[in-house]
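Residue-level structural notes
The lines below spell out each chain.
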Amino acid sequence: MKSNDLGEELPTKQEINNICQAFRQKAYLLPHKCVRKKFGVKRTSASKLPGGMSMDQPDSLLTNAKYDVCITTITFFPDINATAKLMYDLAGDLADKGLKVVVLTQNRSYNDPNKIFPSFERIGGFDVIRVSLPSFDKNKGLTKLLMYLFFAQKSLAKVKKIQANSFFAVFPPFFTTYYMMKKCLKRSIPFVLILHDLHPDTAIRRKQISARHPLALLLKRQTRALMKESTRIVT
């Protein structure tokens, strides 16, 4: 399997075909146990969380909370990578300006999925809400795409309960930014796209997917919509 500059294994054409088959079979809508068994992903029990904390953030904490900005990112502090650092700095800077900020991310470390973080924290003047995900290996193409699917499903369910005046989302991961943008359009809420990489162009350039592949066509439609309909784009 080929690797990129970060040492991450890139998905093969066969793996991309498999994810498209999963789309067609709607495997991502099956109970998590079924998906874990099919794709060999692991989930840590709630008893292994620090302090016995629940894996899912209690929605009661969101009932009366109103935010100026909601930032969605699949990796965040205390992870150590460029995106996590940038989003941490962005949230802190906005909070320093007097805005009420909430960050929506996953409860596992992007670098080491065996590390699990609290479902809710207040850091540096802003809130962090983490949705629970199974353990996915981001260095394998197929499981990385499945992680994106799970994160999209879980974060969108949480977004329905978050009251915010504007939403920011990082792209990639796939799927999450597109569906979040659509939600914002329906609610007439500003949506800011933080563009870190352009897909499927990058995957096509690396020759890991054909330009005519169904997954490439799907991502191209979503990317075009994001570029056209986002309120602002930050690169």
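Residues numbered from 1 in each chain as written. Predicted model: local features only at pLDDT ≥ 70, side-chain atom pairs only at ≥ 80, totals over all residues. Heavy atoms only, no water.

**Thoughts on the environment of Gln153**
Checked against the element boundaries, Gln153 lands in helix H4 (residues 141-159). With a relative accessible area of 33%, Gln153 lands in the partly exposed category. C-alpha separation for the pair Gln153 and Val131, spaced 22 residues apart in sequence, amounts to 9.9 Å. (Helix = DSSP H or I, 4+ residues; strand = E, 2+ residues; numbered from the N terminus. Buried < 20%, exposed > 50% of the residue type's maximum accessible area, 1.4 Å probe, protein only.)

**Considerations on the pattern of salt bridges**
Considering all chains together, one arrives at 4 salt bridges under this definition. Asp89 is the partner of Lys85 in a salt bridge, and the nearest nitrogen-oxygen pair spans 3.3 Å. Here Lys85 and its partner Asp89 are both found in helix H3 (residues 82-96), 4 residues apart, which amounts to about one turn of the helix. Judged by relative accessible area, which is 48%, Lys85 ranks as partly exposed. Residue class for Asp89 comes out partly exposed when judged on its relative accessible area of 29%. (Salt bridge = Lys/Arg side-chain N within 4 Å of Asp/Glu carboxyl O.)

**Quick look at a nonpolar patch on the surface**
Together, Leu198, Met227 and Ile233 make up a nonpolar patch on the protein surface, roughly 220 Å² of accessible area in all. Summarising the element assignment, Met227 is placed in helix H7 (residues 214-229). (Patch = residues over 30% accessible without salt bridge, like charges linked within 9 Å, V, L, I, M, F, W, Y side chains within 5 Å. Areas by Shrake-Rupley, 256 points an atom, 1.4 Å probe, with all protein chains shown as cover.)

**A short note on the environment of Ile233**
Secondary-structure assignment places Ile233 in strand E9 (residues 232-234). Note: C-alpha distance between Ile233 and Phe191 (42 residues apart in sequence) is 8.8 Å. Setting aside residues no more than four positions away along its own chain, Ile233 makes contact with Leu193, Leu195, Leu226 and Met227. (Contact = heavy atoms within 4.5 Å.)

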